[in-house]
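# Summary of the model geometry
The lines below spell out each chain.
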Amino acid sequence: MEKKSDTADRHPTPHPHHDTRQEKTTDMKCAGYQPTSYRPGTPMSPKNKGLATFLAITFAGSWLWLLIAHLGLGLSALNPLFQLPYLCMPGIAALVVRRWATKEGFTDAGLRLRLKDGWPYYLAAWLGPLLAAGATVGLAALLGLWQPDLSPLNSLVPGIPGWAAVALLMLVVPTLIPVYCGEEFGWTSYLRPRLYDGRTVPSVVATSLIWAAWHYPLAFTGYIAFPNVIPGLAAWTVSFLFQEIILTWLYMRSGSVWVAGLAHAGNNMVLFLLTGQLLGTGAGLDTLVTTLLPTVPMAAISIWILVRRKLTPPHSSGRPAAEPCAATHPA
């Protein structure tokens, strides 16, 4: 009787109709690799089409509005009517791309609140900017750049003592989440996961550079005034890098873009507003210094995130924690 080889049992011959290439491609997609059929001379892939459309709408729309509002209408860069269309343009661009340009939808956009599982990250996003502001002025005091004096906070809101003005700011910040989600829905939810196939560190760096460049024209409209523009823009860029690391961490771990929006609102309305009031208005430090000092605690948080691998997404596709890659073939 002929002995049957056990090699065939361990490595059975594939069924003639079984497409192993399709299965391999599906597995690679779930691992975060997004293959593209784009070749020179062929139509642009949906992914590249979406990125190009997003960036075109965001930059052209924002900068065109800046010219109209600043030069045409004479609006101050601190006027909400100037800022709102500008801030919301990345979100509008992401909406247009997801809904019409690529028709990919909003499954991976992180639009659910996820309060039950994400509340620790909401708390961190809400209190973190206040703690970072405290660390910033503490550092300034240690460096001899600031004599502890909280009286400049009394002028934040006329007729209200400084401590009450800070408390009021903390209450107002959550109401501004929809405004700042105009940016986060675009940058952190749409753009970042689509750069470098969602590989976290390079995509965060690229997103922060694009985000910074989008802000640069504001330095020439009175929104921020650096004593020397080139070093000022460089410092601003570094600040955006560390902000994006923290925002991406919050977004990935919570699974909600609203958490990133809350942290972004806190950065603008608490961290930079309070440190600017105390160190700029109060201590007379220039804008370059008041931009760099808050970067130090943000850098410390970012290093902790990177060293502890907190920025590594729970799901390798680069989606938020609550948006796993769905199976596309039966188990």
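In short, a report on the structure. (Residues numbered from 1 in each chain as written. Predicted model: local features only at pLDDT ≥ 70, side-chain atom pairs only at ≥ 80, totals over all residues. Heavy atoms only, no water.)

### Brief notes about the overall build of the chain
Spelled out, the test is: Where helices and strands are cited, they refer to DSSP runs of H or I of at least four residues and of E of at least two residues respectively, numbered from the N terminus. The buried label goes to any residue with under 20% of its type's maximum accessible area, the exposed label to any with over 50%, and the partly exposed label to all in between, with areas taken from a 1.4 Å probe on protein chains only. Here a residue-residue contact requires only that any non-hydrogen atoms of the pair lie within 4.5 Å.
Looking only at helices and strands, the chain features 13 helices and 0 strands. Secondary structure of the chain in N-to-C order comes out as α-α-α-α-α-α-α-α-α-α-α-α-α. Out of the 331 residues in the chain, the part that is buried amounts to 42%. Within the chain, contacts between residues separated by at least 24 positions form 76% of all contacts whose residues are at least 6 apart in sequence.

### Some thoughts on the environment of valine 172
In this fold, valine 172 is placed in helix H6 (residues 162-172). By relative accessible area, valine 172 is classed as partly exposed at 33%. Sequence separation between valine 172 and alanine 265 is 93 residues; the distance between their C-alpha atoms is 9.5 Å.

### Thoughts on unusual backbone geometry
The phi torsion at lysine 103 lies on the positive side, around 55°, for a residue other than glycine. Looking at where lysine 103 falls in the secondary structure, it is placed in the loop between helix H4 (80-101) and helix H5 (115-142). Judged by relative accessible area, lysine 103 falls into the exposed class, the value being 66%. Its identity as a non-glycine residue notwithstanding, tyrosine 196 has a phi of 55°, on the positive side. Assignment of secondary structure puts tyrosine 196 in the loop between helix H8 (187-191) and helix H9 (200-215).

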